[in-house]
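Structure assessment
Here is how the chains run, residue by residue.
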2 protein chains.
Amino acid sequence: MKIVIAGLGNIGGSFALAIKTYAPEHEIYAIDIDAESLRDAEESGLITKGYETPEEIIPEADLIIFSVYPMILKSLVASYAPYFKEGAILTDVTGIKRSIIEEIEPLLPDNVDFVFGHPMAGRENRGLAFASGEVFQGANYLFTPIPRNSEGNIKLLTDFVRKIGFKNISSISPDFHDEVIGFTSQLAHVIAVSLINSDDNDRNTKAYTGDSYRDLTRITNINEKLWPELFIMNKDHLLSHIEGFKGQLDQLTKAIENEDIETMQKMMIESRHRYHDLHNLDESLWK
Amino acid sequence: MKIVIAGLGNIGGSFALAIKTYAPEHEIYAIDIDAESLRDAEESGLITKGYETPEEIIPEADLIIFSVYPMILKSLVASYAPYFKEGAILTDVTGIKRSIIEEIEPLLPDNVDFVFGHPMAGRENRGLAFASGEVFQGANYLFTPIPRNSEGNIKLLTDFVRKIGFKNISSISPDFHDEVIGFTSQLAHVIAVSLINSDDNDRNTKAYTGDSYRDLTRITNINEKLWPELFIMNKDHLLSHIEGFKGQLDQLTKAIENEDIETMQKMMIESRHRYHDLHNLDESLWK
């Protein structure tokens, strides 16, 4: 296939690297506004050729991977639409789905198929310089098919992302996607930001951290140009997850206040069960 | 030195392994109620000899490392006290300090020196089987000296734990210890337990997780026999840290509710600064 990566940043660059390594039978092209990045990528052999505008390469593209910020996606798709090849497959990498699909679907000509997707391998670092094909290895991938998608194209993309390294590839509804991502990713970011921002700057905390604090704040190297938009686009689910988390937090806080060991132990035993379930571990092997 | 490890569980076993590997000039003995563990440790050469009671080996001990649950520590020290060698150095591994010191200090004869300490390398797994000398490598160590401690003994212990792998070794006050550990360790555990327990069990969340959720819940494999006691013993600091965290969480939640991008961006820029400071990274190198 001729694959065009629209947006050769961190995720787009990681796609290019992973395709080059694990599916070298495809030709990789890129469109980006950064001419220097494109030239570097051409010179290093990462892409066959880079373009700053769509009209020359989009008519040749069998697969277009839109790897841009969600707020740019709509205008980019609109500006590429006149040039799509008959039967082209389009996909995106956006971390929320309902509102994106609602925006994009009306722009699509009948003769292309946009299969919306979400590679669960975000990097906190931005830019092509931090791109890596290895972050995809073993990661999860979510597709959120819509009624007009062809089964064949969903299967083609599923096989394609498996080949470049993704492991568990699911097809779920856009609403369920936003619910579950609101929990596993967005709530996690809300918590991590709140935690690190509640540190007392005068304490020089970093001299006294163990792994726990570093694990819980790893994702605070957060991209402020991306995440507020994602939060707003998924506001309903995210606020409901925050509510649920605060309910548990308040229960545990109350148990600490009341020195209620029994309730604390119950909550910890429950969390251990869930830990073992999450990691597919046999709890009985662990004393 | 003749070193006695009192409690050959996960942390005690890790001490034995690290001493054997990195400071083999010392003789390692252990006291434990589990005769089988002691026999295994003797047979594998991990310890020179194991004892189920103190009267035979404690009179020979130059250094005693108490690596037992905090609620057991007091009675253990009391029962060993008649046998301490003149000039013996004692230390513990307890995760909170003020209340432990208050309990233990009155029990101590004048001719021994208990330097309270906290290796910041907890493992979520329990038992000798999970012990590892490697978890200490590069980890932080906190000592909380009291007025009666000898400078020489604090230095001896500092050199000793550096030799077996610890890197940043600080001496701080017991109250500051409890404040900072209440934040970096205890608050982190409170948050992680609340997060995983707020998951909807019917969602099969594990099929859709990325690294964020796994990072934030890694410490939920929590020991319910230990942590409620630690929380209660540090209740004042911990509750104050929970308050601070909830203040930030409420502020971010309100910004999401109000679709207030500016506030969200401010909080994320702040969290990124703090991330770079925590990891001693130069933020200007990162676009």
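Looking up chain A in an unreviewed UniProt entry gives the name Prephenate dehydrogenase, with the organism given as Salinicoccus halodurans. Annotation of chain A in UniProt includes, under Sequence similarities (unreviewed entry), the sentence "Belongs to the prephenate/arogenate dehydrogenase family." UniProt's Pathway (unreviewed entry) comment on chain A is quoted here verbatim: "Amino-acid biosynthesis."

1. Concerning the relation of the copies chain A and chain B
There are two copies of the chain, and a rotation about an axis plus a shift along that axis relates them. Between chain A and chain B, the superposition needs a rotation of 180° and an axial shift of 0.0 Å, giving an RMSD of 0.0 Å. These values place the two chain copies in the arrangement generated by a two-fold rotation axis. The fraction of interface residues of chain A whose copies in chain B are also interface residues reaches 99%, indicating that both copies meet through the same surface.

2. Topic: the sheet that holds strand β7 (residues 117–120) of chain B
Residues and elements named next belong to chain B. Judged by pairing direction, the sheet is mixed, and its three strands sit side by side in the order β7-β8-β9 without closing on themselves. Taken across any chain shown, the strands that pair with only one partner, and hence form the sheet edges, are β7 and β9 (169–171). Across the sheet, the axes of successive neighbouring strands diverge by a mean angle of 15°, strand direction being ignored. Sheet topology places strand β8 (residues 140–143) next to β9; three bridges connect them, and they run parallel. Bridged to F143 within β9 is S171.

3. As for the packing of helix α6 (residues 174–197) of chain A against helix α9 (residues 235–257) of chain B
The interhelical angle for the contact between α6 of chain A and α9 of chain B, taken along N-to-C directions, is 135°, at an axis separation of 8 Å. Taken together, the axes of α6 of chain A and α9 of chain B are oblique relative to one another. Crossing geometry of α6 of chain A relative to α9 of chain B is assigned as right-handed. Side by side, α6 of chain A and α9 of chain B meet where V190, I191, V193, S194, L195 and N197 of chain A of the first sit next to F245, Q248, L249, L252 and I256 of chain B of the second. Among the residues forming the contact of α6 of chain A with α9 of chain B, the class breakdown is eight nonpolar, three polar and no charged.

4. Let's talk about the environment of V93 of chain B
Residue and element names in this part refer to chain B. Its place among the elements puts V93 in the loop between β5 (89–92) and α4 (98–104). Placed 24 residues apart in sequence, V93 and G117 show a C-alpha to C-alpha distance of 5.6 Å. Look past the residues within four positions of V93 in its chain and what remains in contact with it is I11, F15, I65, F66, S67, G117, H118 and P119.

About the thresholds
- Per chain, the residues get numbers from 1 upward, laid out in the order the sequence is written.
- Just so you know, chain letters begin at A and ligand numbers begin at 1, following the order they were written in.
- Totals for whole chains, interfaces and linings use all residues, but because this is a predicted model, local features are given only for residues with pLDDT of at least 70 and pairs of side-chain atoms are given and counted only at 80 or more.
- Water and hydrogen atoms were dropped before computing side-chain values, which therefore reflect all heavy atoms in the structure.
- UniProt positions are given in the numbering used here, feature names are shortened, and annotations may be inferred rather than shown by experiment.
- Each copy is superposed on the other by least squares, with the fit set by C-alpha atoms of residues at a pLDDT of at least 70 in both.
- Any two residues having at least one pair of non-hydrogen atoms within 4.5 Å are treated as being in contact.
- A pair of strands is labelled paired if DSSP reports no fewer than 2 bridges between them.
- Runs of H or I in DSSP of at least four residues are treated as helices and runs of E of at least two as strands, each being numbered from the N terminus.
- Angles run from 0 to 180 degrees between N-to-C directions of axes, and those axes are lines fitted to C-alpha atoms, restricted for helices to the stretch in contact.
- The scheme is simple: roughly parallel for angles under 35 degrees, roughly antiparallel for over 145, roughly perpendicular for 65 to 115, oblique for anything else.
- Handedness of a helix crossing follows the sense of rotation of the near helix relative to the far helix, less than a right angle counterclockwise being left-handed and clockwise being right-handed.
- Each residue is assigned to one of three groups, with Ala, Val, Leu, Ile, Met, Phe, Trp, Tyr, Cys and Pro labelled nonpolar, Asp, Glu, Lys and Arg labelled charged, and all others, Gly among them, labelled polar.

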